[in-house]
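What follows is the residue order along each chain.
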Amino acid sequence: MNSSEHIVALCGSQRDGSHTRHALERALAAAESNGATTDLVDLAALDLPVFDPDRTDAGDAPELRRRVRNADGVLLGSPMYHGSYSSVLKTALDYCGFDEFENSTVGLLVVSGGGFPTPALEHLRSVARALDAWVLPHQVAIPDSHSAFEDGQVTDESLVERIDTLGTDLVEYAGVESYPETTAACAVPTAD
């Protein structure tokens, strides 16, 4: 594990006291405890107008791209809205492209006030893969967020472990484009 890894998290929530932000902070703390430097990009604090392909440098888009491009691993976090991820995160991803994500390691975290946020995780995974990122198989889904947090802290120990694992995995696999090849893992049994 390289102690110089830099992990950037994009927070797709604009709500004060956001559960998404708290969960991302927990994952970044785990990354820091594994030797990484971190950067939480609060998309609500950036000026990112709705994406216009004729104005790719609008507002704070150049700053956003620079921060993502400087990352060895990117954590995408969002609340689930109408079965998908937030519009502010969609806009941020629209301003980015292959220069920011190609061959990058990406982790996913989605928070839902209701049921399990599987569709939003699948949508984020599809977008990251379309940008040629390597998406970690481990992801974090936080359903029923109103009962999962108390005073900004995650209350379920198994969920704390999943979030910490995500932060750790981002550091461990930063810069990895695929699983390391091993002959044992790829061995195919033959008939005698």
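Description of the structure in this document.

The rules behind these values
- Residues numbered from 1 in each chain as written.
- Predicted model: local features only at pLDDT ≥ 70, side-chain atom pairs only at ≥ 80, totals over all residues.
- Heavy atoms only, no water.
- Helix = DSSP H or I, 4+ residues; strand = E, 2+ residues; numbered from the N terminus.
- Rg over C-alpha atoms; globule rule 2.2 N^0.38 Å.
- Buried < 20%, exposed > 50% of the residue type's maximum accessible area, 1.4 Å probe, protein only.
- Areas by Shrake-Rupley, 256 points an atom, 1.4 Å probe, with all protein chains shown as cover.
- Phe/Tyr/Trp six-rings, centres within 6.5 Å; stacked < 30°, edge-to-face > 60°.
- Salt bridge = Lys/Arg side-chain N within 4 Å of Asp/Glu carboxyl O.

Side note on the overall build of the protein chain
Part 1 of the reasoning: On a plain count of helices and strands, the protein chain comes out with 8 helices and 9 strands.
Part 2 of the reasoning: Its C-alpha radius of gyration of 17 Å places the protein chain within 12% of the 16 Å reference for a compact globule of 192 residues.
Part 3 of the reasoning: Expressed as lengths along the three principal axes of its C-alpha atoms, the size of the protein chain is roughly 65 × 40 × 35 Å.
Part 4 of the reasoning: Burial analysis of the protein chain (192 residues in total) assigns 45% to the buried set.
Part 5 of the reasoning: Counting every atom, the protein chain has about 9700 Å² of accessible surface; 46% of that belongs to carbon and sulfur.

Comments concerning the packing of aromatic side chains
Part 1 of the reasoning: Inspection of the entire model under this criterion finds 2 aromatic pairs.
Part 2 of the reasoning: Between Trp134 and Tyr173, the aromatic rings sit 6.0 Å apart at their centres with planes inclined by 45°, giving tilted as the arrangement. Of the two residues, Trp134 sits in strand β6 (residues 134–135) while Tyr173 sits in the loop between α7 (157–172) and α8 (183–186), which places them 39 residues apart along the sequence.
Part 3 of the reasoning: For Trp134, a relative accessible area of 12% translates into the label buried.
Part 4 of the reasoning: What makes Tyr173 partly exposed here is its relative accessible area of 22%.

Some points on the pattern of salt bridges
Part 1 of the reasoning: For the structure shown, the criterion picks out 7 salt bridges.
Part 2 of the reasoning: Taking the shortest distance from any N to any O, the salt bridge between Arg67 and Glu63 comes out at 2.9 Å. Placement of the pair is Arg67 and Glu63 together in helix α2 (residues 61–69), with a separation of 4 residues, close to one helical turn.
Part 3 of the reasoning: For Arg67, a relative accessible area of 15% puts it in the buried group.

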